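# Understanding the architecture of this molecule
As a plain string of letters, each chain reads:
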Amino acid sequence: MNPPRRLGWALLWLAGLLVVGGLVGQRLELSGDLRKFMPSAQTPAQKLLIEELGEGPGARLLLVALSGEAPATLAAQSHALREALAARPQFALVANGADGALEAIPEQLRPYRYLLSPTLDRQRFDADFLGGELAERVQDLGSPAAGLVEPLLAADPTLETLRLAEAWQPRDSPQRLHGVWFDRAGSEALLVIETRAAGFDPNAQQRAVDAIRAAFQRVRGDSDSELTLTGPGAFSVEIGGRTRREAGFIGTLDSLVFVLILTLAYRSFKAPLLAGLPLASGGLAGLGAVALGFADGVHGITVAFGFTLIGVAQDYPIHLLSHQRAGLSPWASVRSLWPTLGTGVAATCIAYLTFLVSGVEGLEQLAVFTIVGLGTAALATRFVLPALIDPVTPDEVGRDPAESPRLAAVWQLLARCPRVRPALYGAGAVLALLTALLMPGEFWQNDLSRLTPVPPGALARDAQLRTELGAPDVRYLIALEGADVESVLQDSEALQPVLENLRAAGLIGGFDLAARYLPSAALQRARQARLPASTELHRALDAAVADSPFRSNAFNAFTTDVARARAAAPLTLDDLRGTPLGARVGGLLLQRDGRATALVSLSGLTDPPLLARLVQQHGAQLLDLKDASESLVAAYRERVLWSLALASLLLAATVWFALRAPRRVLRVLAPMALTTVLVLAVLRGLGVELNLFHLVALILAAGLGLDYALFFDHAGEDRAEQLRTLHAVIVCSLTTLLVFSLLALSSIPVLRAIGGTVALGVACNFVLAVLIARQPAAAAPRQ
């Protein structure tokens, strides 16, 4: 096959990957469900966090502030924005303090107002009560509120609908100016928006945020008003956007660096193409395997971590390219390299098998992705890539790295470095490990909020708006568990007076619970029993109308609604589905596995331990979701560490099986092991608290170290092979070092943790592989 045809087949391979990638991308279902990367929950708080992660009432709130114009203008824009968003299906609630809360009660549920309102708990619909209500309505009709009261009057002379709407407004509401909420300074109009989607569903939250911003632009017109949007959903959108932008920018630079280094290293524009094809094939194969093997879709974290971990696969074709020389075909070259390359691939893949028994679906996905990806890249390098490499002819100068005088000079310099004895690097490992363990400060970082790239100013702004609006705390919830919805609603009703007292005492700023909106069936029946029969109601109403300017038949709709309420079955959660009220109640009333849980969202906590003791006396439990998340992170890390411990044993066993010589096995494994403890010591010495992302980076660094050491061992005492191996390892380590050094400069903590750790690991692995794994030119025969 001549060079043009080889290039044509390479381009055809690339085109095939692009087509397959496009098809996979169109059909790929990416999941953002963090529960797949969490172990089984043990405590009630953990179970709630796992089952309802991001779906709680606090996590679905978006807080909006309009500023930059006169209060009257901002109020008008607030009204217009609310009207524009309330009709959109992705929002369960859009509140700005106006009387639009009436829309929470659909027309078909209006007769139930007498079962939902507490009026009948303390009052009967007798002549005296109705007469007093009608007298007040006469005054209302002569007031500015007439436009609001008159449409309701015939069916609702007691204005139960308005009472409910007012009661369902958020507690501790801000001040009202021009009919809408404003902050204390009166300079910002405030809104609360609740999405139907979970707070950490990135796609749904992106659509919600886009809808809000688009509606604001239409409402804003030519004014100078500005919109501030905060809340978990808004932050998840910001994090995702910043991560995509930085990852895209860094990815572009990485690609340019990769192309530039390989073009210079091999003096061929084809080299980057040939080196990239196996890696891209492995990535697509891993992605496809996970998509086929897991019905619920591929998790976004699996994709991100998977492509990171199979980064070692870019070394496979580089080793093959660096070992080309005259008199040896690419097929013969790959056959000579395959035992070493296959050992590294097999050891790594066998190690990742341990993730399949971790009991965590996310780790199982990661194992499948990595094993299939590395295996595919290795097989593509072994059985496909040699056909596309132009053989080195005797008259070609410079293609064999062993002929490079500069490389020979570098190797001479390295050869002068003393080779490290086992006792010395054993002592170094112990010293590094002690440094890592004994450094002051926390060893592990469990607080996920420390990883957020959201600027501190934005977090402070969110806290300010939560205070202004009395929005619920996203950390603390009260939970009441029971056999069914009815039992937890009754328990919530019993707890409500206690919470009112705590609110009055200043222990909490406010609270919200499902029983505010949906009373228990028992309480609804009790209210039904207090509704008068049709004859009794007509008699009382006639007496009340006689002393008013209203006609006797003006309230027929009212008597009809009362009769319907008397005969109706109690309202249930199922009756509320598809309504704004149903969305609100659904976030506070959960049903799982034949059990029910009622949640109480809180704001303004001043003494959580005291509150926990008080509510526990009434059968409730205060849940600290931050503490639950940290304990889950610790449990997850424990699973990963046990998997890694088992993986280390399997990796060592695989290398032993392949090499069958104790000294060779020690030379190969020592650089990787020593690098791991050295990186840990450096990170801890710099005051870094380690997290999951550091562990992932250490896994990749260990794989790279194994690769470097295996190939230095493969070179043996053959000086020409040593030079070719040095060339390959320099190219591999240089590309990896530059790629991950760019990540280390990122403003995203996750990318920074991975980048810095891998970059440090690559440098240590290279130096230690040279000092430990290489053999001197006059080495004795292998043992």
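Given the structure is predicted, the values throughout are model-derived calculations rather than measurements.

### Let's talk about the overall build of the protein chain
Along the protein chain, the regular secondary structure elements total 30 helices and 13 strands. Over its C-alpha atoms, taken along the principal directions, the protein chain stretches across nearly 120 × 55 × 45 Å. Looking at the protein chain as a whole, 53% of its 783 residues qualify as buried. Excluding contacts between residues fewer than 6 apart, the proportion of contacts in the protein chain whose partners are at least 24 apart in sequence is 81%. Entry remark: accessible area of the protein chain is about 33600 Å², with carbon and sulfur atoms responsible for 60%. Computed over 67 positive and 71 negative side-chain charges, the inter-centroid distance for the protein chain is 10 Å.

### Section: the pattern of salt bridges
Tallied over the full model, the rule gives 21 salt bridges. For the salt bridge of R724 with E721, the shortest nitrogen-to-oxygen distance reads 2.9 Å. With R724 and E721 both in helix α29 (residues 719-744), this residue pair falls three residues apart, about one helical turn. We classify R724 as buried; its relative accessible area is 6%.

### Considering the nonpolar core
As a rule of thumb, nonpolar side chains are buried together in soluble globular proteins. By size, the foremost hydrophobic cluster in this structure holds 98 residues, and its most contacted members are L262, Y316, V655 and L706. Among the elements that make up this core, the one with the highest residue count is helix α28 (residues 692-715) (13 residues). Setting aside residues up to four positions removed in sequence, L706 forms contacts with G344, A347, T348, L651, V655, V668, L669 and M672. Counting residues in each nonpolar core, the second largest holds 65 residues, with L477, L571, L576 and L602 among its members.

### Considering the packing of helix α13 (residues 315-322) against helix α14 (residues 330-352)
Closest axis-to-axis distance for the α13/α14 pair is 10 Å, and the angle between their directions is 145°. Of the two elements, α13 crosses α14, and the hand of that crossing is right-handed. The residues of α14 that touch α13, namely those facing Y316, H319 and L320, are P330, S333, V334, L337, L341 and V345.

### Brief notes about the confidence of the model for the protein chain
Of all residues in the protein chain, 91% attain a pLDDT of 70 or more, and the chain-wide mean is 85. When mean pLDDT is compared element by element in the protein chain, strand β7 (residues 226-230) scores highest at 94, while strand β1 (residues 30-31) scores lowest at 66. With pLDDT under 50 throughout, residues 778-783 is counted as low confidence; its partners more than four residues away or in other chains account for eleven contacts.

### Concerning helix α25 (residues 608-616)
Listed as buried for α25 are P608, L611 and V615. Summarising the axial view, the buried residues of α25 lie within an arc of 60°, below the 170-degree limit, and thus occupy one face. At its buried positions, α25 is contacted by β9 (476-482), α19 (485-504), β12 (595-603) and β13 (621-624).

### Topic: the state of the cysteines
Scanning all chains against the criterion turns up zero disulfides. Left without a disulfide partner, C732 is nearest to the cysteine sulfur of C349, which lies 17 Å away. Of the residues examined, C732 reaches a relative accessible area of 0% and is grouped as buried.

### Regarding a nonpolar patch on the surface
A cluster of nonpolar side chains, namely L353, L356, V357, L646, L649 and L650, defines an oily patch on the protein surface of about 530 Å² accessible area. Along the chain, L646 turns up in helix α26 (residues 625-659). L646 gets classed as partly exposed once you look at its relative accessible area, which sits at 39%.

### Description of the packing of helix α3 (residues 71-86) against helix α9 (residues 202-220)
Between two packed helices, what matters for the description is the angle formed by their axes and the separation of those axes. One way to put it is that α3 packs onto α9 with a least axis distance of 9 Å and a crossing angle of 135°. Overall, the two elements α3 and α9 adopt an arrangement that is oblique. Crossing of α3 over α9 shows right-handed handedness. Along its contact with α3, which presents Q77, A80, L81, A84 and L85, the element α9 presents A211, I212, A215, F216, V219 and R220. Of the residues assigned to the contact of α3 with α9, the class counts are nine nonpolar, one polar and one charged.

### Examining the side chain of T348
Looking at the secondary structure, you find T348 in helix α14. Given the relative accessible area of 11%, T348 is considered buried. Only 2.8 Å separates the side chain of T348 from the backbone oxygen of G344, close enough to count as a polar contact.

### Remarks on the side chain of Q524
Inspection of the secondary structure assignment puts Q524 in helix α20 (residues 521-530). For Q524, a relative accessible area of 0% gives the class buried.

### Describing helix α11 (residues 270-293)
When the terminal C-alpha atoms of α11 are compared, their 35 Å separation across 24 residues agrees well with the 34 Å that a helix rising 1.5 Å per residue should span. Of all the bends in α11, the greatest, near 25°, is centred on L277, and the proline P278 appears no more than four residues after it.

### Some points on unusual backbone geometry
The backbone of L159 shows a phi angle near 55°, a positive value even though the residue is not glycine. Locating L159 in the fold gives a position in the loop between α7 (146-153) and α8 (160-167). Relative accessible area serves as the criterion here: at 8%, L159 is assigned to the buried category. For R660, which is not glycine, the phi dihedral falls at a positive 60°.

### Things to note about the packing of aromatic side chains
In the structure shown here, the tally under the stated rule is eight aromatic pairs. Here Y114 and F125 contribute two aromatic rings whose centre-to-centre distance is 5.5 Å and whose plane-to-plane angle is 85°, an arrangement assigned as edge-to-face. Residue Y114 is found in helix α4 (residues 113-116), and its partner F125 is found in the loop between α5 (119-122) and α6 (127-141); the two are separated by eleven residues along the sequence. Taking 5.6 Å as the distance between ring centres and 5° as the angle between the ring planes, the aromatic pair formed by F125 and F129 counts as stacked. For the pair shown, F125 and F129 are each scored as buried. Looking at R660, its charged tip hangs above the ring of F657, at a distance of 4.4 Å from the centre.

### Focus: the environment of R325
Residue position: R325 is located in the loop between α13 and α14. The partly exposed category is assigned to R325, whose relative accessible area is 24%. As a C-alpha pair, R325 and Q206 span 119 residues in sequence and 54 Å in three-dimensional space. Sequence-distant contacts of R325, defined by excluding residues within four places in its chain, comprise V392, D400, E721 and R724. Among the polar contacts made by the side chain of R325, one reaches the side chain of E721 at a distance of 3.4 Å.

### Some thoughts on the pairing of β12
Buried residues dominate β12, accounting for eight of its nine residues. Looking at chain direction, β9 and β12 are connected through six bridges and run antiparallel. Among the inter-strand pairings, A479 is bridged to a residue of β12, identified as L599. The pairing of strand β10 (residues 510-513) with β12 spans four bridges and is antiparallel. Across the sheet, the residue bridging to L513 is V600, located in β12. Note that strand β11 (residues 589-592) and β12 share four bridges and pair antiparallel. Bridging from a neighbouring strand, R592 pairs with R595 of β12. Between β11 and β12, which follow one another and run antiparallel, lie two residues, and D593 among them has a positive phi close to 50°.

### Focus: the environment of G282
Looking at the element boundaries, G282 is found in helix α11. For the pair G282 and G375, spaced 93 residues apart in sequence, the C-alpha separation works out to 7.2 Å. Not counting residues within four places of it along the chain, the set of residues in contact with G282 comprises I310, G373, T376 and A377.

Procedures and definitions
- Residues numbered from 1 in each chain as written.
- Predicted model: local features only at pLDDT ≥ 70, side-chain atom pairs only at ≥ 80, totals over all residues.
- Heavy atoms only, no water.
- Helix = DSSP H or I, 4+ residues; strand = E, 2+ residues; numbered from the N terminus.
- Buried < 20%, exposed > 50% of the residue type's maximum accessible area, 1.4 Å probe, protein only.
- Contact = heavy atoms within 4.5 Å.
- Areas by Shrake-Rupley, 256 points an atom, 1.4 Å probe, with all protein chains shown as cover.
- Lys, Arg positive; Asp, Glu negative; His and termini not counted.
- Charge placed at Lys NZ, Arg CZ, Asp CG, Glu CD.
- Salt bridge = Lys/Arg side-chain N within 4 Å of Asp/Glu carboxyl O.
- Core = buried A, V, L, I, M, F, W, Y, C linked by side-chain atoms within 4.5 Å.
- Axes fitted to C-alpha atoms, helices over the stretch in contact; angles between N-to-C directions.
- Left-handed = near helix turned anticlockwise from the far one by under 90°.
- pLDDT = per-residue confidence, 0-100.
- Arc of directions from axis to C-beta.
- Disulfide = S-S within 2.5 Å.
- Patch = residues over 30% accessible without salt bridge, like charges linked within 9 Å, V, L, I, M, F, W, Y side chains within 5 Å.
- Parallel < 35°, antiparallel > 145°, perpendicular 65-115°, else oblique.
- Nonpolar A, V, L, I, M, F, W, Y, C, P; charged D, E, K, R; others polar.
- Polar contact = N/O pair within 3.5 Å; in protein donor to acceptor, adjacent residues only side chain to side chain.
- Expected span 1.5 Å × (residues − 1).
- Bend = angle between axes of the 7 residues up to and from the residue.
- Phe/Tyr/Trp six-rings, centres within 6.5 Å; stacked < 30°, edge-to-face > 60°.
- Lys NZ or Arg CZ within 6 Å of the ring centre and 35° of its normal.
- Pairing = 2+ DSSP bridges.

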